[in-house]
Amino acid sequence: MTYRYVVYDLQKNFNASFDDANFTFNQILYWVQVVANRLRAQEQGFSDSDLYTSTFSSVPVLTDSNGMSYIDLPVQIMDLPNNAGVVFVTYNVESCKCEGPTFAQVWFQSVNLGAVQHLYLDEYTKPSVTNPYFYRIGSHVDGAAVNRLYLLGIECIKVEDVSIAVKSSLDPTTVCNLDDQISLPDELIQELMMQVLQLGRFIMLMPNESVNDGQDGGELDTQIYANRAVNLPDASTQESTQ
Amino acid sequence: MTSNDFVSVDHLLGEITSTVNDVEFKRGFAKGWYISRIQDALQELSLDTFWLQEKHDFVIPTNCRIPMPKNVFNLREIYLYNDEICNPGKTVNVYWKRLFDNSYDGQGYTAKVKDDGSNNNDPFQPNQSFRSRGGGFNNSFRGPKYYYNISDDSNKIVMLSRECASYKHVRMIFNGMGVSNGDMPTVPRFFERAVVDYVEERFYNAMKSRDIRTYRPLWTDSFSKLNDLTSGSWNKARKRVKEMDSAEKESMEEYISSMYHK
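Counting of residues starts from 1 at the beginning of each chain's written sequence and follows it residue by residue. The order in which chains are written sets their letters, starting at A; the order in which ligands are written sets their numbers, starting at 1. Under the rules for a predicted model, residues below a pLDDT of 70 receive no local features and side-chain atom pairs below 80 are neither given nor counted, while totals for whole chains, interfaces and linings still include all residues. Side-chain measures here rest on the full set of heavy atoms in the structure, leaving out hydrogens and waters.

J.: Run through the overall build of chain B, naming residues and quoting values.
T.: In this text, helices come from DSSP runs of H or I with a minimum length of four residues, and strands from runs of E with a minimum of two, each type numbered from the N-terminal end. Secondary structure assignment for chain B yields six helices and twelve strands. We call a residue buried when its accessible area falls under 20% of the maximum for its residue type, exposed when it is over 50%, and partly exposed in between, using a 1.4 Å probe and counting protein chains only. The 262 residues of chain B split such that 41% are buried. Taking the intrachain contacts of chain B between residues at least 6 apart in sequence as the baseline, contacts between residues at least 24 apart amount to 65%. Methods summary: accessible areas were calculated by the Shrake-Rupley approach with a probe of 1.4 Å, and residue burial reflects only the protein chains presented. Surface accessibility of chain B: about 15100 Å² in total, with carbon and sulfur atoms responsible for 50%. Every residue pair with non-hydrogen atoms within 4.5 Å of one another is taken to be in contact.

Shown next as structure tokens:
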């Protein structure tokens, strides 16, 4: 199902219900992406499939000012329990083809930053070249906004790049082509449309009193809802008509 | 232990992580934690069954004191020999001497019973004497010359009598506790069930503190599977070790029957 098809349909539905409201195509497109992200994360928990997995075969390994190795995540990822948003991080060793693909060899295991010290207590869990780890910093490092995975155990070797697979999120602000497929299985499109319609209806039902019109004084607006009152049919008129 | 068949750590992890639902090492613990538990299991099996033996050869130092190697316990045999490690020549047994102590750095020693005549006048602990086959006492030789004791210090030392220094090497055979911590364990195939069940039990035991409602019944099941006196894999492993070495038992029965019935 393409963005164009779904968003056009939604826009038509909105305009039918709220005919004087100005729902732009881009605004609905943005809602579609926002809702799709939630549905993707929700569905991921149920299905545990790789439908939402993206792979990147060569992500460059960089070094920060403290000498720590890291990679910048090429996309935003789902924040799932136990770092499940990162499916794997592995060495990108082209020559390592003896038993399956490289991602079936050495994995960087996930660890929370606060638990890193604990790894060094046991000889078997200690980070090393053959037993590397990653932890995620998703906010700021020394004041700079980051979306990084730091790598532990490779301090003694030079790693140029790594292969990764992640459960990616959609960027709500960017849809390159309206004829692209929405990254959801077709059976969730109905759910997506319902959620977007709910979102629109919620916004249209926002109480008028909460809107600051910038005017001081005047009579209190007796309309409870900003748009519903003018859009919904008058019940008394309906009765008299019938 | 007559077996040269082992299973790899990866083989064990394949089953364990599937059973405990942690194939990505994200829901429970890091991969190293599981390997550490496998090593624990081997260590416990070693202490319970004495299945593993390790041989260590040393050049005898002038002070006759040799630090015990790591990862071993229970000295089983000790020999002195000349020539080379790969081809021992003349060999003698070394016996344990009660209360022998050559601390700290010399060949002299203390003991309640001495073999050098120095406690001649002690009415309770006279010098040890050796009765010769021909009858009478052979006062020129007071007990075995080659003996040892293990120091009670925290840093265990095998203390040898000074006569041992007349030999070039000493060979000691210990029970082993498995590989050194940090090395990759090798698991005999006949211990596979016990090791798998041990790690699963340890996993559920540790996970109880995260979610006791989920993991306590799982832990109870795994505990039974491991420790049941009749069907538990741990006791089965112990029995397997005891029932091995059929050829040795056969030979032993033949020796004994030859002694008394022929």
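Having seen the model, we can carry on.
J.: Could you give an account of the packing of aromatic side chains, naming the residues involved and the relevant values?
T.: Geometry of aromatic contacts follows a simple scheme: Phe, Tyr and Trp rings, the Trp one being its six-membered ring, pair when their centres are within 6.5 Å, and the pair is stacked under 30 degrees between planes, edge-to-face over 60, tilted otherwise. Under the criterion given, the structure shown has 25 aromatic pairs over all chains. A ring pair is formed by B:Trp33 and B:Phe203, whose centres lie 6.4 Å apart and whose planes are at 75°; its orientation type is edge-to-face. Separated by 170 residues along the polypeptide, B:Trp33 in helix α2 (residues 31-49) and B:Phe203 in helix α3 (residues 192-207) bring together distant segments of the chain. Between B:Phe100 and B:Tyr109, the ring centres sit 5.0 Å apart and the planes meet at 50°, which makes this aromatic pair tilted. By relative accessible area, which is 1% here, B:Phe100 ends up buried. Members of the aromatic cluster, each reached through a chain of ring pairs, are B:Phe25, B:Phe29, B:Trp33, B:Tyr34, B:Phe203, B:Tyr204 and B:Tyr215. A cation over a ring is seen here: A:Arg148 above A:Tyr70, with NZ or CZ 3.8 Å from the ring centre. Our definition puts a charge over a ring when NZ of Lys or CZ of Arg is within 6 Å of the ring centre and also within 35 degrees of the ring normal.

J.: Which residues make up the pairing of strand β10 (residues 157-160) of chain B, and what values go with them?
T.: All names here are of chain B. Covered by surrounding structure in β10 are Ile 157 and Met 159 together with Val 158 and Leu 160, the residues of both alternating faces. Where strand β3 (residues 65-67) lies against β10, three bridges are found, and the strand directions are antiparallel. Within β10, the position partnered with Ile 66 by the bridge is Val 158. Pairing of strand β9 (residues 147-150) with β10, which is carried by three bridges, proceeds in the antiparallel orientation. From the neighbouring strand, Tyr 148 faces β10, where its bridge partner is Leu 160. The hairpin turn running from β9 into β10, its antiparallel successor, is six residues long. A pair of strands is considered paired only if DSSP assigns at least 2 bridges between the two.

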